[in-house]
Amino acid sequence: MSDRPANRLAGATSPYLLQHAHNPVDWYPWGEEAFAKAAAEDKPVFLSVGYAACHWCHVMERESFEDETTAAILNERFVSIKVDREERPDVDGIYMDAVQAMNRGQGGWPMSVFCTPQGEPFFAGTYFPDEPRHGMPSFRQVLDGIADAWRDRRDEIARTGSAVTRTLRDIATSPASGDPLGEEIPRGALAALARSFDATWGGFGGAPKFPQPMVLEFLLRQAVRSEPRALDMAVLTLDRMAAGGMHDQVGGGFARYSTDARWHVPHFEKMLSDNAQLALVYTHAWLLTRESRLRDVTERILSYLLREMRHPEGGFFTSQDADSEGEEGRFFVWAWDDLVRLVGSPAAEAFGARPGGNWEGTNVLWHPAAIEDPNLRAAADDARAVLFASREWRVHPGTDDKVVTAWNGLTIRALAEAGRAFGEPTYVEAAERAAVFAWANLRDEHGRLLRSWRAGAGGPPGFADDHALLAAGFFTLYETTADLHWFEASASLCDVLIARFEDPEHGGFFQTADDAERLIVRPKELYDNAVPSGNSAAAEVLLRMALLTGDAGFERAAAGALRLVRDPMQQAPSGFGHALCALDLYLGPSNEIAIIGEPTDPSTAALVHEVVAARFLPNSVLAVASPDDARARSSVALLADRPVVGGAATAYVCRRFVCGLPVTRADQLAQALAP
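What you see is a predicted model, and the numbers here were worked out from it, not measured in a lab. (Residues numbered from 1 in each chain as written. Predicted model: local features only at pLDDT ≥ 70, side-chain atom pairs only at ≥ 80, totals over all residues. Heavy atoms only, no water.)

Caption draft 1: Structural context of the packing of helix H9 (residues 213-224) against helix H23 (residues 577-587). The interhelical angle for the contact between H9 and H23, taken along N-to-C directions, is 30°, at an axis separation of 7 Å. When the axis of H9 is compared with that of H23, the two are roughly parallel. Regarding H9 and H23, the two cross each other, and that crossing is left-handed. Counting all contacts with H9, which are made through Met-214, Val-215, Glu-217, Phe-218, Arg-221 and Gln-222, the residues of H23 involved are Gly-577, His-578, Leu-580, Cys-581, Asp-584 and Leu-585. Per-class residue counts for the contact of H9 with H23 are six nonpolar, three polar and three charged. (Axes fitted to C-alpha atoms, helices over the stretch in contact; angles between N-to-C directions. Helix = DSSP H or I, 4+ residues; strand = E, 2+ residues; numbered from the N terminus. Parallel < 35°, antiparallel > 145°, perpendicular 65-115°, else oblique. Left-handed = near helix turned anticlockwise from the far one by under 90°. Contact = heavy atoms within 4.5 Å. Nonpolar A, V, L, I, M, F, W, Y, C, P; charged D, E, K, R; others polar.)

Caption draft 2: Local environment of the layout of surface pockets. Roughly 760 Å³ of internal volume is contained in the second largest pocket. Residue lining of the second largest pocket: 24 residues in total, with Ala-242, Ala-243, Arg-293, His-367 and Arg-384 positioned closest to the centre. Elements with a minimum of two residues in the lining of the second largest pocket: helix H10 (228-243), helix H12 (292-308) and helix H15 (374-391). For the lining of the second largest pocket, the element with the highest residue contribution is H12, accounting for six residues. (1 Å grid on protein atoms, 1.4 Å probe; cavity = no way out; pocket = protein on both sides within 12 Å on 5 of 7 lines; lining within 4 Å. Points joined across faces, edges and corners; volume = space filled by probe spheres on them.)

Caption draft 3: Main features of the pairing of strand S2 (residues 45-50). When you tally the buried positions in S2, you get six out of six residues, the bulk of the element. Along S2, one buried face is formed by Val-45, Leu-47 and Val-49 and the opposite face, lined by Phe-46, Ser-48 and Gly-50, is buried too. Bridge analysis of S2 against strand S3 (residues 79-84) gives six bridges, and the strand direction is parallel. Within S3, the position partnered with Val-49 by the bridge is Val-83. Relative to strand S4 (residues 111-115), S2 runs antiparallel, the two sharing five bridges. The residue bridging Val-45 from the neighbouring strand is Cys-115, located in S4. (Buried < 20%, exposed > 50% of the residue type's maximum accessible area, 1.4 Å probe, protein only. Pairing = 2+ DSSP bridges.)

Caption draft 4: Seen up close, the sheet that holds strand S8 (residues 270-271). In spatial order, the strands read S8-S9-S12; together these three strands make up an open sheet with antiparallel pairing. Each having just a single partner strand, S8 and strand S12 (399-400) make up the two edges of the open sheet. Pairing geometry for S8 and strand S9 (residues 319-320), over two bridges, is antiparallel. Among the inter-strand pairings, Met-271 is bridged to a residue of S9, identified as Ser-319.

Caption draft 5: Main features of unusual backbone geometry. Between Trp-109 and Pro-110 the backbone carries a cis peptide bond, its omega angle lying at 5°. Looking at the secondary structure, you find Pro-110 in the loop between helix H5 (89-102) and S4. The omega torsion of the bond from Ala-207 to Pro-208 falls at -10°, within 30 degrees of zero and hence cis. Along the chain, Pro-208 turns up in the loop between helix H8 (184-196) and H9. Its identity is not glycine, yet Asp-42 carries a phi of approximately 55°, on the positive side. Looking at where Asp-42 falls in the secondary structure, it is placed in the loop between helix H2 (32-41) and S2. Classification of Asp-42 by relative accessible area gives partly exposed; the value is 41%. The backbone of Gln-212 sits at a positive phi, close to 50°, despite the residue not being glycine. Residue position: Gln-212 is located in the loop between H8 and H9.

Caption draft 6: Quick look at the packing of aromatic side chains. With the rule as written, the count across this model stands at 27 aromatic pairs. Relative to Phe-474, the ring of Trp-439 has its centre 5.5 Å away and its plane inclined at 80°; by these criteria the two rings are edge-to-face. With Trp-439 in helix H17 (residues 425-441) and Phe-474 in helix H18 (residues 464-481), this residue pair connects regions lying 35 residues apart in the sequence. When sorted by exposure, Trp-439 lands in the same class as Phe-474, which is buried. (Phe/Tyr/Trp six-rings, centres within 6.5 Å; stacked < 30°, edge-to-face > 60°.)

Caption draft 7: Looking closely at helix H4 (residues 68-77). Restricting attention to buried positions, one finds in H4 the residues Thr-70, Ala-71, Ile-73 and Leu-74. The buried residues of H4 occupy an angular sector of 155° when projected down its axis, which confines them to one face. Where the residues of H4 are buried, they touch S2, helix H3 (55-65), S3 and helix H6 (139-152). (Arc of directions from axis to C-beta.)

Caption draft 8: Here's a closer look at the environment of Gly-119. Of note, Gly-119 is situated in the loop between S4 and strand S5 (121-125). According to the relative accessible area criterion, Gly-119 is buried, its value standing at 3%. Separated by 74 residues in the primary sequence, Gly-119 and Val-45 place their C-alpha atoms 7.8 Å from one another. Contacts of Gly-119, omitting those with residues within four sequence positions, involve Phe-35, Tyr-95 and Ile-520.

Caption draft 9: Representation of the nonpolar core in the model. By size, the foremost hydrophobic cluster in this structure holds 159 residues, and its most contacted members are Leu-219 and Tyr-282. Aside from chain neighbours lying at most four places away, what touches Leu-219 is Leu-190, Leu-193, Phe-204, Ala-230, Met-233 and Ala-234. Within the second largest apolar cluster, 26 residues are counted, among which are Met-96, Val-99, Val-113 and Leu-519. (Core = buried A, V, L, I, M, F, W, Y, C linked by side-chain atoms within 4.5 Å.)

Caption draft 10: Expanded view of the state of the cysteines. What the rule picks out here adds up to two disulfides. Ordering the disulfide-forming cysteines of the protein by sequence position, one finds them joined as 1-2, 3-4. Cys-115 carries a free sulfur, and the closest cysteine sulfur to it, the one in Cys-57, is 17 Å from it. With relative accessibility at 1%, the residue Cys-115 sits in the buried group. The structure places no disulfide on Cys-494, whose sulfur is separated from the nearest cysteine sulfur, that of Cys-581, by 17 Å. Overall, Cys-494 belongs to the buried group, its relative accessible area being 0%. (Disulfide = S-S within 2.5 Å.)

Here's what the structure looks like:
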């Protein structure tokens, strides 16, 4: 902690903002006060956006925001605003679009944007070094240039700001396609993915390489549709990622991305959102293939989340830092001599380690080739426990301990599905605790959803993805537990999505609610980036809800969101993985499975666990209720008028609410669900 007095960020809830609370920069949090000051003093706004686990955000802080000379320039000639992108994805999304518009599609974090006092961006970039290098100007040079332009070329700045703002408004109001949503879209997307597929190392394109779990989910769905190349691409990618250094071979969980094409050297931060989605896709891959190694990866991810990322009351934290003790990756890498001393040279070599190091003189553990010798495989497995115990004595990376609603929705879904698939009640119980925590803490006094929570304080109002992804998590928890409360909570969030976020004119969903703070545009998130966009997340959960309720309004709204991205889904599928999954559900066929029987009865459990939970059925929904549960039959339309047959638990398989004959045996249900 610095001896400097705290600035205005000291009252923030965001750990990222608090990291900057003792900078000499006179930071403002996002809000009217900063822009009013800029207008009153006729100064440009410097907007800096990042997040707590971002390595280069820390570098820019050390080099520039901790520097007294740089801070003096900012304080004299600018009004400086600091934003946590995870708390304010609306602000981040708008100005990231501006960064990309002004930099030929390139963007990233830290994001550095210069705006007028009205919020119109006129110059933007990402990381700027403290000294000129690699063709980049120093940050002080940028500040001097912007300040001079503000003084001498104001008309030029105004024209640029107006032009960029018009571009942002065009993005937010782009019309939906009038063409039908047909099978040619996933076929075209699959072909495009195959063209960019790395047949040696898996994944798509070259370095840096991201895990893209939503794209992998789409491939698994295509495999269910008998596309063999889809399964091959997905499984090779999952195996290569699991063998790579991006996968923490000692403690479980995945880093954000790989800096190389081989999944070897990661950018070491770990994000809840990535790991929740990866746990889900590895679970689905196991259901489809029954390869035990895929289940092992899921269990290691979830063990990591439960061990290191869970609030004592059940919610899940946001991220862990790339840095510890001021160095990127220090916690995760190994000296050769330490490995040999702890586990011996054969095990060290099995993890790809070398005496001279395999990265910058040290070793990032990975498996560059499959270990064929079963004894060596066993030795490597035993070595993990030894290395983990030793590593626990190191200084751990920092944890961003805020709880983000959307990301907790992803985690609830992953835990619930893994618990159901593996028959592991620990995961289901963790999902239930997280759901209870979210419903208790991530709403305001009026019952409106919040974006985040930390240390007893709520964050800003929730966004479309918060509502959609938490609704999806609750929906899956209902399917897993048959607890009607979670269906009702999910349905209420879906109602809010349509009432507060839908765009009735152009289709799809705005990122912000209709009564939210007014920004220079009302943003509409279309691309699936690290997490599903609000549009694709809304489309998917509304389609699932429509299958349980028969409510055509849910399906209509979902289709409107998909039509917004109809053409880019096919042309650039890596940016629309979750939208493609929602489209797959829309195209069907779907299975609506109603099971009437006491949830704890063995005959009911046989239908649920031996048949439904044991298969990868991506376009299926499940509702279970006891025969005398009138409330469930009234709330869930799929359960209405479904009698038991012969006193035994009875299953109905329906498609668009047209149901086949009821069945009471597991083999009959399996046959009814066969493609």
